Amino acid sequence: MIRIVIADDEELIRGALVALLSLEPDIEVVADVADGEAAVAAAVAHRPDLTLLDLEMPGLDGVDAARRLLRLVATQVVIVTRHARPGTLKRALSARVHGFVPKSTPASELARIIRSVAAGERYIDARLAASALTEQESPLTPREIDVLRLTRDGLPTKNIARQLGLAHGTVRNHLSSAMAKLNVDSRSAAAKIAWEHGWI
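Only a predicted model underlies this, so the values are computations on that prediction, with no experimental measurement involved. (Residues numbered from 1 in each chain as written. Predicted model: local features only at pLDDT ≥ 70, side-chain atom pairs only at ≥ 80, totals over all residues. Heavy atoms only, no water.)

(A) The arrangement of the overall build of the chain in detail. Scanning the chain from terminus to terminus reveals 10 helices and 6 strands. Taking 200 residues into account, the globule formula puts the C-alpha radius of gyration at 16 Å, and the chain, at 18 Å, falls close to it. Taking the principal axes of its C-alpha atoms as reference, the chain extends roughly 55 × 35 × 30 Å. Relative to its 200 residues, the chain shows a buried fraction of 48%. Carbon and sulfur atoms make up 53% of the accessible area of the chain, which amounts to about 9,500 Å² in all. Averaged over its 25 positive side-chain charges, the chain has a centre that lies 7 Å from the centre of its 25 negative ones. (Helix = DSSP H or I, 4+ residues; strand = E, 2+ residues; numbered from the N terminus. Rg over C-alpha atoms; globule rule 2.2 N^0.38 Å. Buried < 20%, exposed > 50% of the residue type's maximum accessible area, 1.4 Å probe, protein only. Areas by Shrake-Rupley, 256 points an atom, 1.4 Å probe, with all protein chains shown as cover. Lys, Arg positive; Asp, Glu negative; His and termini not counted. Charge placed at Lys NZ, Arg CZ, Asp CG, Glu CD.)

In structure tokens, the structure reads:
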């Protein structure tokens, strides 16, 4: 029996995944939750064989949740996403995610992928893999990425500085540098472009 945790903030989709996967004779859904923090907690509590994470969740997104829970639990992670941006695939692979699939994947195919990943294989959607090969590399530094991610979350620069343990002026410098690299004149526009490319 493959024991799985499902995390998706869209209740309808999460319910459908639970219902469809529960029909499989060798898959048991041991918990379903609505956000990344809860996914980490559920994985720690249930020690599942596999954790299925939505990419777009409030708080911790799927990649950040995967990175955190993989430090705590020996589980396989598959990310499902509606917005399959190639840059996000690179982020997921760097976080040691084992599978990356679009939400358009039929339930029977998803069950097959879950079995394959639970057996130790890796599964990456072929179209996403092909797109990732031609995707431009991020011009942003890791710290610029951190700052833009928090900018996209709506935090003011003073709060970003506090959260990252940086001086307010340093945060402003990182934002200015990122804006220049992305050829935009606002931090929100820089965050939007970085998100659309999957860099944050």
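(B) Broad picture of the sheet that holds strand 6 (residues 123-124). Within the open sheet, the 6 strands sit side by side as 2-1-3-4-5-6. Their pairing is parallel. Each of the sheet's edge strands pairs with one partner strand only, and the pair in question is strand 2 (27-33) and strand 6. With 2 bridges connecting them, strand 5 (residues 99-102) and strand 6 associate as parallel partners. Across the sheet, G99 pairs through a bridge with Y123, a residue of strand 6. Against the sheet, helix 3 (residues 62-70) contacts strand 3 (50-54) and strand 4 (76-81), and its axis sits at roughly 155° relative to strand 3. (Pairing = 2+ DSSP bridges. Contact = heavy atoms within 4.5 Å. Axes fitted to C-alpha atoms, helices over the stretch in contact; angles between N-to-C directions.)

(C) Seen up close, unusual backbone geometry. One non-glycine residue, R47, adopts positive backbone phi at about 50°. Positionally, R47 belongs in the loop between helix 2 (36-46) and strand 3. Positive phi, normally seen in glycine, also occurs at R96, with a value near 70°. Tracing the backbone shows R96 in the loop between helix 4 (86-94) and strand 5.

(D) Focus on the pairing of strand 2. With 5 of 7 residues buried, strand 2 is to be regarded as a mostly interior element. Pairing between strand 1 (residues 2-7) and strand 2: 6 bridges, direction parallel. For A7, the partnering residue across the bridge sits in strand 2 and is V33. In terms of handedness, the path from strand 1 via helix 1 (residues 11-22) over to strand 2 forms a crossover that is right-handed. (Right-handed = clockwise from strand over helix to strand, strands pointing away.)

(E) Quick peek at the pattern of salt bridges. Applying the stated rule across the entire model yields 14 salt bridges. A salt bridge links D26 to R115; its shortest N-O distance comes to 2.7 Å. Separated by 89 residues along the polypeptide, D26 in the loop between helix 1 and strand 2 and R115 in helix 5 (residues 107-118) bring together distant segments of the chain. D26 gets classed as partly exposed once you look at its relative accessible area, which sits at 26%. Shared partners join several salt bridges into a network, and the residues in it are D8, E10, D54 and K103. (Salt bridge = Lys/Arg side-chain N within 4 Å of Asp/Glu carboxyl O.)

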